[in-house]
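What follows is the residue order along each chain.
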Amino acid sequence: MEIYRILADLVKWFTLMWAGVLIGGFVLSVMFKEYYKKLKYFRLCYEVALISTFFWFIIFLGSPFIALENALRMQYDPKLNFSSVSLTIHFLEKCFGLQVSPGYIALMTIAVLAISYVLVSLARGVQSSRTHS
């Protein structure tokens, strides 16, 4: 049914947007700190995305969005789903022919998310100490 393809595409775009928030938030918080501090609502979205993605990767060893997209695509056409539970693994296999363990990708993602959160927290701590001084 066409509705499953449309829903799967919506999930795919949401996943890409989610990844964009994670990558964009990291870049802004590290390279453009002053501008990042002015984006109150984006900072909130970024921190929620960081924390929730961190826990998803601990619990599911991957993104639940990919699992949802796969389930929807299977309803539309079973040949269209990713071969793995991770967008990263799918593209490493497709573009570079690399086969990487989902556990390894999950551990690396958890580490990157934790480091990102620490950097954001440190930046927030520095900002609040400047305002109180």
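Higher on the page you've got the structure.
Residues numbered from 1 in each chain as written. Predicted model: local features only at pLDDT ≥ 70, side-chain atom pairs only at ≥ 80, totals over all residues. Heavy atoms only, no water.

Peer 1: Can you help me understand the overall build of the chain in this one?
Peer 2: Each helix and strand in the chain was counted, giving 6 helices and 0 strands. Each helix (α) and strand (β) of the chain, taken in turn from the N terminus, gives the series α-α-α-α-α-α. Looking at the chain as a whole, 32% of its 133 residues are labelled buried. The contacts in the chain between residues at least 6 apart in sequence include a share of 57% that link residues at least 24 apart. With an accessible surface of roughly 8,700 Å², the chain has 72% of that area assigned to carbon and sulfur atoms. (Helix = DSSP H or I, 4+ residues; strand = E, 2+ residues; numbered from the N terminus. Buried < 20%, exposed > 50% of the residue type's maximum accessible area, 1.4 Å probe, protein only. Contact = heavy atoms within 4.5 Å. Areas by Shrake-Rupley, 256 points an atom, 1.4 Å probe, with all protein chains shown as cover.)

Peer 1: What exactly am I supposed to notice about the packing of aromatic side chains here?
Peer 2: In this description, a pair of aromatic rings is defined by centroid distance and the angle of the planes. Under the defined criterion, the tally for this structure stands at 7 aromatic pairs. Ring geometry for Phe14 against Phe65: centres 5.0 Å apart, planes inclined by 85 degrees, an arrangement best described as edge-to-face. Note that Phe14 is positioned in helix α1 (residues 2–31) and Phe65 in helix α4 (residues 64–76), a separation of 51 residues in sequence. By relative accessible area, Phe14 is classed as partly exposed at 34%. Assessed through its relative accessible area of 15%, Phe65 is described here as buried. Aromatic side chains Trp56 and Phe65 sit 5.0 Å apart centroid to centroid with 80 degrees between the ring planes, which places their arrangement in the edge-to-face category. Using a relative accessible area of 22% as the deciding quantity, one classes Trp56 as partly exposed. Members of the aromatic cluster, joined through ring pairs, are Phe14, Trp18, Trp56 and Phe65. (Phe/Tyr/Trp six-rings, centres within 6.5 Å; stacked < 30°, edge-to-face > 60°.)

Peer 1: Would you take a moment to explain α4 for this structure?
Peer 2: For an α-helix, the turn length of 3.6 residues means that residues three or four places apart are oriented alike. The end-to-end C-alpha distance of α4, which contains 13 residues, comes to 19 Å, matching closely the 18 Å that a straight helix rising 1.5 Å per residue would cover. Measuring from the backbone nitrogen of Phe65 back to the side-chain oxygen at the start of α4 gives 3.1 Å, which picks out Ser63 as the cap. (Expected span 1.5 Å × (residues − 1). Polar contact = N/O pair within 3.5 Å; in protein donor to acceptor, adjacent residues only side chain to side chain.)

Peer 1: Explain the pattern of salt bridges to me, please; I cannot follow it from the model alone.
Peer 2: Here the structure, examined in full by the defined rule, presents 4 salt bridges. Asp9 is the salt-bridge partner of Arg5, the closest N and O atoms lying 2.8 Å from each other. Highlighted residues: Arg5 and Asp9, both in helix α1, separated by 4 residues, approximately one helical turn. Arg73 is the partner of Asp9 in a salt bridge, and the nearest nitrogen-oxygen pair spans 2.8 Å. Taken together, the residues span a long stretch of sequence, with Asp9 in helix α1 and Arg73 in helix α4 at a distance of 64 residues. You'll find Asp9 and Arg73 in the same group, each marked buried. Several salt bridges converge on common partners, so that one network encompasses Glu2, Arg5, Asp9, Glu69 and Arg73. (Salt bridge = Lys/Arg side-chain N within 4 Å of Asp/Glu carboxyl O.)

Peer 1: Explain the nonpolar core here, please?
Peer 2: The tendency in soluble globular proteins is for nonpolar side chains to be buried as a group. Membership of the largest hydrophobic core comes to 13 residues, with the highest contact counts inside it found for Trp18, Leu22, Tyr36, Tyr46, Leu50 and Val120. Among the elements that make up this core, the one with the highest residue count is α1 (5 residues). The contact partners of Leu22, leaving out residues within four places of it in the chain, are Tyr46, Ala49, Leu50, Thr53 and Leu113. (Core = buried A, V, L, I, M, F, W, Y, C linked by side-chain atoms within 4.5 Å.)

Peer 1: I keep staring at a nonpolar patch on the surface and nothing clicks. Help me out?
Peer 2: Side chains of Ile23, Phe26, Val27, Val30, Met31, Phe32, Tyr35, Ile115, Val118, Leu119 and Leu122 sit close together on the surface and give an oily, nonpolar patch of about 1,000 Å² of accessible area. Elements that contribute at least two residues to the nonpolar patch include exactly α1 and α6 (102–132). Sorting elements by how many residues they give to the nonpolar patch places α1 first, with 5 residues. Relative to the helices and strands, Leu122 resides in helix α6. (Patch = residues over 30% accessible without salt bridge, like charges linked within 9 Å, V, L, I, M, F, W, Y side chains within 5 Å.)

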